[in-house]
Amino acid sequence: MNNSQAYAKQLDAQDPLRSFREEFIIPTVNDTEQVYFLGNSLGLQPKRTAGYVDRVLKQWARYGVEAFFMGDDPWLDYHDHLILPLSGIVGALPSELTVMNQLTVNLHLMMVSFYRPSGRRKKIICEAKAFPSDQYMLETHVKHLGLSPEDIIIEVSPHEGEYLIRHDDIISAIESCGDELALVLWGGVNYYTGQVFDMAAITRAAHGVGALAGFDLAHAAGNIELRLHTWNVDFACWCSYKYLNSGPGAMGAAYIHERYHKNPSIPRLAGWWGYEKSTRFKMEKGFIPAGSAEGWQLSTPSPILYAAHRASLEIFAEAGFERLIQKGQQMSSYLLFLLHQLQSRPGTRRIEILTPGNTPEKGCQVSLLIPVHGKRVFEQLTEAGFFADWREPDVIRVAPVPLYNRYEEIWKFVSVIETALAALPDSQ
Ligand SMILES: Cc1ncc(COP(=O)(O)O)c(C=O)c1O
């Protein structure tokens, strides 16, 4: 690697996935394309989404409610179009997946089934500073069961002065909790630092003490390689508006290991959409769940939202998920390389990189901390046409994503930071 613009252009020219950018609507200002590094927040809109949604609307117009059963794509079976591409992305059996609701709702539903405190076994281990919704979910869920969050929830934190959580600390927290541990609920990728966790090892450790392991994959799905079934993960939930580009408020999804599908001792909250599909419309008394993850569905899903999800998943299938992961890793490695070069230049003001440098511990996202005048640097990035994310008091998060970002955009990003740092007032 080198730090010339020509090298970045060369990487783009050689990129076998470069044409996929054409599949997306890139935001523009005065006809100038902006640099969108926020695929970790809300992925860009695929050009084909409007057509897919329009087909659903036309079907609604033509058939009314009969569109559930008629037309080119009957809505009753629409879910099937989503499951195959998703199973490749998260490494699950198709029967282990369902697209439903949204992320926080699904986490609550999974807690109903998989957090069953009894006797000594009541504790939950989670990451300190998990995304707030996860914290609120855990806290209120535990209270709702008549337990006290302070007694139940154990947070594993980074060491003093560090940003990343040490893997060994997670495993030893699990082991020392032993037979008091009911559940590990962890993020696949930390939303703040971009740290990727070893989900296979966390699951093994949880099972080793007789507990279950569930994951929030909001920042992992569509970003990193996942092998949920092989890792023996009990359950996982994610949203599809980030790396999966399925639009604001897009549907969430859940993975539930097949060993639970037909186990009547697993409690669940039910609704008619989770009823065994072939007899659902008989509308009979007594809930009989579908014998797959679909048995956790509650409400009638929106085919409009399904359609937006399908449009994006098809692009993933066309690009090939393995190739996308590889390119995503190369992009974040290239960004880290340029930032390290910048850090080592004499006279450069201090920047710290929060994201781990090694491939299994990072995905697309890179988080950097600029302790003095960081906000000014961020404002200059915004003025220069970069969509990045500012987290108070001093962190900039960016995620160059393989489907629509270019290496040259990464190069420009670092050169704007360099110029902005050089122009800062002297106070360090
Ligand atoms: C890690 C994580 N968990 C949970 C959520 C909340 O998701 P939702 O609003 O779809 O419930 C988010 C949203 O960004 C997130 O990043």
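Details of the structure are given in the entry above.
One numbering rule holds for all chains: residues counted from 1, following each sequence as written. Note on the predicted model: pLDDT of at least 70 is required for a residue's local features to be given, and 80 or more for side-chain atom pairs to be given and counted; whole-chain, interface and lining totals, by contrast, use all residues. Water and hydrogen atoms were dropped before computing side-chain values, which therefore reflect all heavy atoms in the structure.

### Quick notes on the site of the ligand
Near the ligand you find Leu103, Thr104, Phe131, Ser133, Asp134, Asp216, Ala218, His219, Tyr241 and Lys242, and these make up its full shell. A distance of 2.9 Å is found between an oxygen atom of the ligand and a side-chain nitrogen or oxygen belonging to His219. At 2.7 Å, a side-chain N or O of Tyr241 approaches an oxygen atom of the ligand. When the free accessible area of the ligand is taken as 400 Å², the share hidden by the protein chains comes to 82%. Numbering goes from the N terminus for both helices and strands, where a helix is a DSSP run of H or I of at least four residues and a strand is a run of E of at least two. The set of elements that each furnish at least two residues to the shell around the ligand consists of helix H4 (103-114) and helix H5 (132-144). In this classification, Asp, Glu, Lys and Arg are treated as charged, Ala, Val, Leu, Ile, Met, Phe, Trp, Tyr, Cys and Pro as nonpolar, and every other residue, Gly included, as polar. Residues that form the shell around the ligand fall into these classes: four nonpolar, three polar and three charged. The near set for a molecule or strand comprises every residue that places at least one heavy atom within 4 Å of it. Any pair of nitrogen or oxygen atoms within 3.5 Å is treated as a polar contact; in protein, a donor-acceptor pairing is required on top of that, and neighbouring residues in sequence qualify only through side-chain atoms on both sides. Each accessible area is a Shrake-Rupley result for a 1.4 Å probe, and residues are judged covered by the shown protein chains and nothing else.

### Quick look at unusual backbone geometry
Residues other than glycine predominantly adopt negative phi, and peptide bonds predominantly adopt the trans conformation. With an omega of 5 degrees, the peptide bond between Glu392 and Pro393 qualifies as cis. Residue Lys129 is not a glycine yet carries a positive backbone phi of 55 degrees.

### Regarding the side chain of Ser113
Mapped onto the elements of the fold, Ser113 is located in helix H4. Exposure classes here rest on a 1.4 Å probe applied to the protein chains alone. A residue is buried below 20% of its type maximum, exposed above 50%, and partly exposed in between. A relative accessible area of 0% means that Ser113 is categorised as buried. Engagement of the side chain of Ser113 in a polar contact is seen with the backbone oxygen of Pro267, the distance being 2.7 Å. Not counting residues up to four positions away in its chain, the partners in contact with Ser113 are Ile266, Pro267, Arg268 and Trp296. The contact criterion used throughout is that any non-hydrogen atoms of two residues lie within 4.5 Å.

The analysis is restricted to geometry; functional conclusions fall outside its scope.
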